[in-house]
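Understanding the architecture of this molecule
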Amino acid sequence: MSTGALPGPDGRLRCPWGVSAEDYTAYHDEEWGRPVHGDDELFERLCLEAFQSGLSWITILRRREGFRRAFAGFRIAEVARFTEADAERLLGDPGIIRNRAKVEATLANARVLADWPAGELDALIWSHAPAAEGRPAPRSTAEVPATTDESAALAKALKKRGLRFVGPTTAYALMQACGLVDDHLADCLARRSPVPALRPPG
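Residues numbered from 1 in each chain as written. Predicted model: local features only at pLDDT ≥ 70, side-chain atom pairs only at ≥ 80, totals over all residues. Heavy atoms only, no water.

The chain is annotated in an unreviewed UniProt entry as DNA-3-methyladenine glycosylase I from Streptomyces sanyensis.

Right, here's the structure in full:
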């Protein structure tokens, strides 16, 4: 299996995982590695990365709208008000991954974050973004790490503040997905075809 950039249906080179399924191609081209800001937006990514633990990302990606419906669009203030009855409802929802530990962690994390000042989750996560200088683009997926010192520090900081299901690997996947690091391969079209960064309204 190739670990270098591969051509997609349009002939343009992409990271190899980005051409393995149509769902992946859209996510790879339009979202992965693009800067994401906003507490609710980052809460969503944090939750989805936690649910992905032990599973393939495409399993989560194909249920993303189901997750959004089930968790009130990942609006922290609303999820924080979910009750035990809501937890049981979620565990019966076929549109998400019905894992009790992950569901309960999502609700507990929302309750913790609901007490944080607006913008604090965004600021905490982005404070762990490494400097881009001196970090060359990987030539193959073999050069892409699973964890880094920064992701370990981010995981530690989040856990210290009371968040659950956030280890160094999950934290690094979050950093990749939300643009804190750019792990698109050097030959990947996404490095040459940037899209506008996702920013909070206002």
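Continuing now.
Counted according to the given criterion, the structure contains 17 salt bridges. For glutamate 88, the salt bridge is made with arginine 100, and the minimal N-O distance between the two is 3.1 Å. A residue pair is termed long-range when its members are at least 10 positions apart, and glutamate 88 in helix α6 (residues 84–91) and arginine 100 in helix α7 (residues 100–113) qualify at 12 residues. Given a relative accessible area of 39%, glutamate 88 falls into the partly exposed group. Ionic pairing is found between glutamate 120 and arginine 161, a salt bridge with its closest N-O pair at 2.7 Å. In this pair, glutamate 120 is assigned in helix α8 (residues 120–126) and arginine 161 in the loop between α9 (149–160) and α10 (168–177), connecting sequence segments 41 residues apart. Each member of the salt-bridge network shares a partner with another, and the members are Glu31, Glu44, Arg45, Arg64, Glu65 and Arg68. (Salt bridge = Lys/Arg side-chain N within 4 Å of Asp/Glu carboxyl O. Helix = DSSP H or I, 4+ residues; strand = E, 2+ residues; numbered from the N terminus. Buried < 20%, exposed > 50% of the residue type's maximum accessible area, 1.4 Å probe, protein only.)

A few words on the environment of alanine 118. Along the chain, the position of alanine 118 falls in the loop between α7 and α8. Expressed as a C-alpha distance, the spacing of alanine 118 and glycine 38, which sit 80 residues apart in the sequence, is 8.9 Å.

Turning to empty space enclosed by the protein, a few remarks are in order. For the coordinates displayed, the defined rule picks out 2 cavities of 30 Å³ or more. Its boundaries defined by the atoms lining it, the largest cavity holds a volume of some 90 Å³. Lining the largest cavity are 12 residues, and of these Tyr27, Glu31, Arg45, Arg64 and Ala177 lie nearest its centre. Looking at the lining of the largest cavity, the element that brings in the most residues is helix α2 (residues 39–52), giving 3 residues. (1 Å grid on protein atoms, 1.4 Å probe; cavity = no way out; pocket = protein on both sides within 12 Å on 5 of 7 lines; lining within 4 Å. Points joined across faces, edges and corners; volume = space filled by probe spheres on them.)

Turning next to helix α1 (residues 22–30). Among the residues of α1, Tyr24, Thr25, Tyr27, His28 and Asp29 are the ones counted as buried. Tucked inside the fold, the buried residues of α1 contact β2 (13–14), α3 (57–61), α4 (64–70) and α10. (Contact = heavy atoms within 4.5 Å.)

Predicted confidence across the chain gives a mean pLDDT of 92, with 94% of residues reaching 70 or more. A low-confidence stretch, residues 195–202 stays under pLDDT 50, and its non-local contacts, those more than four residues away or across chains, total 12 contacts. (pLDDT = per-residue confidence, 0-100.)

Our next topic: α7. Its 14 residues give α7 an end-to-end C-alpha distance of 20 Å, which sits within 8% of 20 Å, the value for a rise of 1.5 Å per residue. Three or more residues of α7 are buried, namely Lys102, Val103, Ala105, Thr106, Leu107, Ala108, Asn109, Ala110 and Leu113. For α7, the elements touching its buried residues are α2, α5 (76–79), α6 and α8. Where α7 starts, the residue carrying a side-chain oxygen 3.1 Å from the main-chain nitrogen of alanine 101 turns out to be asparagine 99. (Expected span 1.5 Å × (residues − 1). Polar contact = N/O pair within 3.5 Å; in protein donor to acceptor, adjacent residues only side chain to side chain.)

Where α2 contacts α7, the axes come no closer than 10 Å and their chain directions differ by 155 degrees. Our classification of the angle between α2 and α7 gives roughly antiparallel. The two elements α2 and α7 cross, and the hand of that crossing is right-handed. Contacts from Phe43, Cys47, Ala50, Phe51 and Gln52 of α2 reach α7 at Lys102, Val103, Thr106, Asn109, Ala110 and Leu113. Along the lines of polarity and charge, the residues of the contact of α2 with α7 split into 7 nonpolar, 3 polar and 1 charged. (Axes fitted to C-alpha atoms, helices over the stretch in contact; angles between N-to-C directions. Parallel < 35°, antiparallel > 145°, perpendicular 65-115°, else oblique. Left-handed = near helix turned anticlockwise from the far one by under 90°. Nonpolar A, V, L, I, M, F, W, Y, C, P; charged D, E, K, R; others polar.)

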